[in-house]
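# Summary of structural features
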Amino acid sequence: MNELRYIIGGPQGGGLETTSEILSWAFARSGYGIISDREYFSNIKGRHSYVHATVSATELPKHLNYPVDIVAAMDAETVFTHFNDLRDGGYLIYNSDDDSVNYASIPSMERELRERLSEQFKQLGLDGTVKSMVKYLQGSRNVRVVALSFKELLMEIQKREGVVPSQASRYISTILVGAVAAITGISEDSLDYSLRRRFTREDVYRHNRAMANIVIDLVRSQFGTELKLDPPRIGVKSVLVASGNDAIAMAKVVAGVRFQAYYPITPAADESFTLEEYETIGGEGSIIVFQTEDELAAINAAIGAALTGVRSSVATSGPGFDLMVEGLGWAGHNEVPVVVTYYQRGGPSTGQPTRGGQSDLLSSVFASHGEYPRIVLASGDHEEAFYDAIDAFNYAETYQVPVIHLVDKFLANTIATIPLPNLDNVRITRGVLASKGLREYKRFDLSSPISPRAFLGDYVMWYTGDEHDEYGHINEDPINRVRMMDKRMRKLDIIDREIPEERRYSYFGPERPDVLLVGWGFVKGVAVKAVEELNEEGTRAGYYHIRMFIPFPRNSLTKIANEVGADKLVAVEHNYMAQASKLAAMNTGIMIGKSIVKYTGRPMYVHELVNAVKNVLKGSTREVVSYGA
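Residues numbered from 1 in each chain as written. Predicted model: local features only at pLDDT ≥ 70, side-chain atom pairs only at ≥ 80, totals over all residues. Heavy atoms only, no water.

### Let's talk about the pattern of salt bridges
Counted under the stated rule, the structure contains 44 salt bridges. Of the charged contacts, one joins Lys62 and Glu383 as a salt bridge, the two residues approaching to 3.4 Å between their closest N and O atoms. Placement of the pair is Lys62 in the loop between strand S3 (48-56) and strand S4 (68-73) and Glu383 in helix H14 (residues 382-399), with a sequence separation of 321 residues. The partner of Arg311 in a salt bridge is Glu397, with the nearest N and O atoms 2.9 Å apart. With a gap of 86 residues between them, Arg311 in strand S12 (residues 311-317) and Glu397 in helix H14 connect regions that are remote in the sequence. Here Arg311 and Glu397 have matching classes, each one buried. Through salt bridges that share partners, Lys62, Asp381, Glu383, Glu384, Asp388, Asp391, Arg503, Lys524 and Arg547 make up one connected network. (Salt bridge = Lys/Arg side-chain N within 4 Å of Asp/Glu carboxyl O. Helix = DSSP H or I, 4+ residues; strand = E, 2+ residues; numbered from the N terminus. Buried < 20%, exposed > 50% of the residue type's maximum accessible area, 1.4 Å probe, protein only.)

### Some remarks on the pairing of strand S14 (residues 352-356)
Consecutive side chains of a regular strand alternate in pointing toward one face of the sheet and then the other. For S14, a buried count of 4 out of 5 residues is recorded, marking the element as mostly surrounded by other parts of the structure. Strand direction decides the pairing type here: strand S13 (residues 338-346) and S14, joined by 2 bridges, are antiparallel. Note that in S14 the partner of Arg345 across the bridge is Gly356. Here S13 hands over to S14 after 5 residues, with Ser349 in that stretch at a positive phi of 55°. (Pairing = 2+ DSSP bridges.)

### Some words on the layout of surface pockets
The calculated volume of the largest pocket comes to roughly 960 Å³. Here the lining of the largest pocket is composed, by residue class, of 15 nonpolar, 10 polar and 8 charged. Here the second largest pocket is characterised by a volume of approximately 650 Å³. In terms of lining, the second largest pocket is formed by 26 residues, of which the most central are Thr81, Leu113, Arg116, Gly628 and Ala629. The set of elements that each furnish at least two residues to the lining of the second largest pocket consists of S3, helix H2 (76-82), helix H3 (111-124) and S14. In the lining of the second largest pocket, the residues fall into 11 nonpolar, 8 polar and 7 charged. (1 Å grid on protein atoms, 1.4 Å probe; cavity = no way out; pocket = protein on both sides within 12 Å on 5 of 7 lines; lining within 4 Å. Points joined across faces, edges and corners; volume = space filled by probe spheres on them. Nonpolar A, V, L, I, M, F, W, Y, C, P; charged D, E, K, R; others polar.)

### Here's the deal with the sheet that holds strand S20 (residues 541-546)
Ordered in space as S18-S20-S19-S22-S23-S24, the 6 strands form an open sheet in which the pairing is mixed. Since the sheet does not close on itself, it has two edges, and those belong to strand S18 (505-508) and strand S24 (622-624), each with one partner. Each neighbouring strand pair of the sheet contributes to a mean axis angle of 20°, computed without reference to strand direction. In this sheet, S24 lies alongside strand S23 (residues 594-597) in parallel orientation, the contact comprising 3 bridges. From the neighbouring strand, Val597 faces S24, where its bridge partner is Val624. (Axes fitted to C-alpha atoms, helices over the stretch in contact; angles between N-to-C directions.)

### Remarks on helix H1 (residues 16-29)
Between the first and last C-alpha of H1 there are 20 Å, a value that for 14 residues agrees with the 20 Å anticipated at 1.5 Å per step. A large share of H1 lies buried, amounting to 11 of its 14 residues. Of the residues flanking the end of H1, it is Gly31, one or two places downstream, whose phi is positive at about 100°. (Expected span 1.5 Å × (residues − 1).)

### Some thoughts on the side chain of Glu467
Assignment of secondary structure puts Glu467 in the loop between strand S17 (414-419) and helix H16 (478-498). Polar side-chain contacts of Glu467 include one of 2.8 Å to the side chain of Arg488. (Polar contact = N/O pair within 3.5 Å; in protein donor to acceptor, adjacent residues only side chain to side chain.)

### Things to note about the sheet that holds strand S5 (residues 86-95)
Strand pairing in a sheet takes place through backbone hydrogen bonds and is either antiparallel or parallel in direction. Here 8 strands make up an open sheet; going across it, the order is S6-S5-S4-S1-S3-S2-S17-S7 and the pairing mixed. Sheet topology places strand S6 (144-148) and strand S7 (239-243) at the edges, where each strand pairs with a single neighbour. Across the sheet, the axes of successive neighbouring strands diverge by a mean angle of 15°, strand direction being ignored. Contacting S5 and S6, helix H8 (residues 202-223) runs over the sheet at an angle of about 145° to S6. (Contact = heavy atoms within 4.5 Å.)

### With respect to H14
Structural remark: α-helix, 3.6 residues per turn; residues separated by three or four positions point the same way. With 18 residues, H14 should cover 26 Å at 1.5 Å per step; its first-to-last C-alpha distance of 26 Å lies within 8% of that length. Within H14, 14 of the 18 residues are buried, which leaves the element mostly enclosed by the surrounding structure. For H14, the N-terminal cap is Asp381; the gap from its side-chain oxygen to the backbone nitrogen of Glu383 is 3.1 Å. Of the residues flanking the end of H14, it is Gln400, one or two places downstream, whose phi is positive at about 55°.

### Here we look at unusual backbone geometry
Negative phi values dominate among residues other than glycine, just as trans dominates among peptide bonds. Cis geometry is adopted by the peptide bond preceding Pro67, which originates at Tyr66 and carries an omega value of 0°. The peptide bond linking Thr266 to Pro267 adopts the cis configuration, its omega dihedral lying at 0°. Looking at the secondary structure, you find Pro267 in the loop between strand S8 (257-262) and helix H10 (269-276). Of note, the phi angle at Asn142 is positive, near 55°, even though the residue is not glycine. Secondary-structure assignment places Asn142 in the loop between helix H4 (130-141) and S6. Owing to a relative accessible area of 56%, Asn142 belongs among the exposed residues under this scheme. The backbone of Ser349 sits at a positive phi, close to 55°, despite the residue not being glycine. Along the chain, the position of Ser349 falls in the loop between S13 and S14.

### Description of the packing of aromatic side chains
Going through the model one piece at a time under the given rule, you end up with 23 aromatic pairs. On the numbers, 5.3 Å between centres and 85° between planes, the contact of Phe386 with Tyr387 is edge-to-face. Geometrically, the ring pair formed by Phe444 and Tyr463 is edge-to-face, given 5.9 Å between the ring centres and 90° between the ring planes. Of this pair, Phe444 sits in the loop between S17 and H16 while Tyr463 sits in the loop between S17 and H16, and the two are 19 residues apart along the sequence. Put simply, the rings of Phe80, Phe83, Tyr103 and Phe121 touch in pairs and so form one group of aromatic residues. Sitting over the face of the ring of Phe41, Arg47 holds its NZ or CZ atom 4.0 Å from the ring centroid. One Lys or Arg, Arg355, reaches over the ring of Phe41 and ends 5.0 Å from the middle of that ring. (Phe/Tyr/Trp six-rings, centres within 6.5 Å; stacked < 30°, edge-to-face > 60°. Lys NZ or Arg CZ within 6 Å of the ring centre and 35° of its normal.)

### Re empty space enclosed by the protein
What the rule picks out here adds up to 2 cavities of 30 Å³ or more. Here the largest cavity is characterised by a volume of approximately 100 Å³. If you list the elements that add at least two residues to the lining of the largest cavity, you get H14 and S17. Of the residues forming the lining of the largest cavity, the biggest block, 4 residues, is contributed by S17. Across the lining of the largest cavity, the residue classes tally to 7 nonpolar, 4 polar and 3 charged. Around the second largest cavity sit Ala306, Leu307, Asn334, Glu335, Val336, Pro337, Arg443, Arg453, Ala454 and Tyr463, which together line it.

Purely geometric stuff here, so don't read any function into it on its own.
The following block contains the structure:
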């Protein structure tokens, strides 16, 4: 088989991330491409969490899909939550000690899910226990059941390795690793590499290796390696296995960031945590990663650092960005080159702290009162995120404007295999800098929209939140106001002229398709895959991927819309309003009247997007998709 899909589920804090990391590294070490998304509640410990992954022998996947081939369950709640996600003939790995557990007795389960299960179990004639569910899956859907007594396995590891009974439960995650490794045929070398990488203490590694071996021998004796992937043929020698947070943190180091401020917030904080690990870089200086008391302090600290001449950024999410808006306006007014990495999650208010979305696009484009130039770019996958993060600093300093880099929570928390970045073409551009030894210095010199930039300490200079003259002194004269506004806003024309149109979008699919999907951000991977499937089925479909919203790729979108016909355009987004389509209308006059949207906080999947496109082709103008636990 060329592609494998699996779900690993369990309670938050139960070792799920460990299981996911080990399997991801093992598949990557074996030469396969993998992408895995972790979905979890806003809860420190106990609520249901799961990892949904795609492994490929032929590509570095950027999409997720259902049904899955394997559901590996740490607990009974995972069995009840995900049995419908399992394909007929797939594998269920579960703890047979949970056979008597009834779904109605699980306190952490959402009431709505419990009600849906109650209705379904009545229809199926099940008594609500795990055992009845397992019998149904075996008899009616030909599911292969890997029943493992976790209690017996933990007792065995205690006996073989002398593990203290109170610590035995730590090895549950490795039970699932061993079972998945057995069925899929992960090589001993790859598994050993992953276990050693995860468990650096020799005794902990040895215990986990022993547990994995016990389970592998047990499972293979019954099932063999029936889901073994075909030999990999991706053709990429070296890959990174990284989350979106990690990819952006690495890119910031490459870009030369020297100051990052943040206030902890999901899902942005992980990026700063990664940067904190590399605050001291041998031979290359150091990075100050500053956790502030709140988001207002974070944006203001980043602005202050940028004024001293260092590359400076702040990372945040929706509620934090809301608090930063006044500071962002100050930066736009004072032409400060600061970068805001904006990780979108479900809103408004606290919304869905651990779920994803794309509902902050309009907020980013119009943030803060008044008018000032800014650049807004959005990343669709880990590779784009890496290079976009570097470009963000170059753009900020070249044009002396704030740059907002939009990333979805999906991308931030998704782990993927990506090619090692090619740094040959990476350039650091610091823009126009003031000469040394000037007799006088005008920070906002009106002779050009982009004034030579000096750093604090080079010259005497003034900054204020009020309108100002060339020196920075407060000045409310109407003629001066017009001159200063024109100076700042003319940067948008320069930006539009100098950033190539092809940098602002990507296109995937045939010329003049019968249906053209228009999307952005994490929609990219699933849209590209859906387009491939639709074309294989005989539907000529294309995907237009927007990478920048300021400046907007209006010429290319106008051209392709005129060729295809505006009535064949379909907005595909993770928000209610299809916000990118509104910006398309504002920038081009083209009205995208059809949409496929998802705003459950879960990513869009290939099968639901393909089905939604087919419904649009049958006459639907709005499809709301909602698959996923």
